[in-house]
Amino acid sequence: MAESSRDLVSIGAFLIIVVVAIVLLATGLIDWTLIVPVVLVLSGCLLLGLAALKPSTTQKYALSSFYMLASGLLLIAFGGAWYLLRFNFLYSLALVLLVLGALAIAAGTRRK
């Protein structure tokens, strides 16, 4: 029962993210080419929040909070890189490499 309610909250939050992207487009704050990067960044923020709320004791095959944190950071990085691609390819590459380097350091120093 608890898993289904968390799934329902995640689906509802994703629908709100899509609505926010559509409202930003309708008000003219973003171009139509930036809908996907906005959804990626906000979904990454959602995963960061879910990783912070995840209990430390999980089921055997459940995703760990570190995996969710890494997925959220990668979504934010790819969404930001997509936005930065409008200015220069090197900015996008630098952002993705920065996040990958930070995740490699975090994975190497975390305790089991």
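Here, residues in each chain are numbered from 1, in the same order as that chain's written sequence. This being a predicted model, a pLDDT of at least 70 is required before a residue's local features are given, and a value of 80 or more before pairs of side-chain atoms are given or counted; all residues contribute to the totals for chains, interfaces and linings. Calculated side-chain values reflect all of the structure's heavy atoms, with hydrogen atoms and water omitted.

Asker: Hey, could you run me through helix H4 (residues 89-109) in this one?
Answerer: Residues lying three or four places apart along an α-helix face the same way, a consequence of the helix completing one turn every 3.6 residues. With 21 residues, H4 extends 31 Å from end C-alpha to end C-alpha; this agrees with the ideal 30 Å at 1.5 Å per step. By the burial criterion, the buried members of H4 are Ser-92, Val-96, Val-99 and Leu-103. The buried residues of H4 all sit within an arc of 65° when viewed along its axis, so they share a single face. Of the residues in H4, the exposed ones pointing more than 90 degrees away from the buried face are Leu-90, Leu-97, Leu-98, Ala-104, Ile-105, Gly-108 and Thr-109. Residue contacts are counted whenever heavy atoms from the two residues lie within 4.5 Å of one another. Each helix is a run of H or I in the DSSP string that is no shorter than four residues. Each strand is a run of E no shorter than two, and both are numbered from the N terminus. Buried residues belonging to H4 abut helix H3 (65-84). A helix is expected to reach a length of 1.5 Å times the quantity of its residues less one. Per-residue accessibility, obtained with a 1.4 Å probe over protein chains only, is compared with the maximum for each type, and a residue is labelled buried under 20%, exposed over 50%, and partly exposed between these values. The arc refers to the directions leading from the helix axis to the C-beta atoms.

Asker: When you look at the nonpolar core in this model, what are you seeing that I'm missing?
Answerer: Within soluble globular proteins, side chains that are nonpolar generally end up buried alongside one another. Residues grouped as a nonpolar core are buried Ala, Val, Leu, Ile, Met, Phe, Trp, Tyr and Cys residues, joined through side-chain atoms within 4.5 Å. Counting residues in hydrophobic clusters, the biggest one holds six residues: Ile-17, Ala-21, Ile-30, Leu-34, Val-38 and Val-39. Excluding residues that lie within four positions of it along the chain, Ile-30 makes contacts with Ala-21, Leu-24, Leu-25, Ile-35 and Val-38.

Asker: In this structure, what is going on with H3? I would like to understand it.
Answerer: Across its 20 residues, H3 extends 28 Å between first and last C-alpha, which sits within 8% of the 28 Å expected from 1.5 Å per residue. Where the residues of H3 are buried, they touch helix H2 (35-53) and H4.

Asker: What is the right way to read the packing of aromatic side chains from this model?
Answerer: The way to describe two aromatic rings as a pair is by their centre distance and the angle between their planes. Pairing of aromatic side chains here covers Phe, Tyr and the six-membered ring of Trp, requires ring centres within 6.5 Å, and sorts the geometry by plane angle: under 30 degrees stacked, over 60 edge-to-face, intermediate tilted. Scanning all chains against the criterion turns up one aromatic pair. When the centroid spacing of 5.4 Å and the interplanar angle of 80° are considered together, the rings of Tyr-83 and Phe-87 count as edge-to-face. Judged by its relative accessible area of 37%, Tyr-83 is partly exposed.

Asker: Sorry, what's going on with the environment of Leu-25 here?
Answerer: Relative to the helices and strands, Leu-25 is located in helix H1 (residues 2-26). Residue classification places Leu-25 among the partly exposed positions, given a relative accessible area of 31%. On a C-alpha basis, the gap between Leu-25 and Ile-35 in space is 7.4 Å, while along the polypeptide they are ten residues apart. When near neighbours in sequence (up to four residues on either side) are disregarded, Leu-25 contacts Ile-30, Asp-31, Trp-32 and Ile-35.

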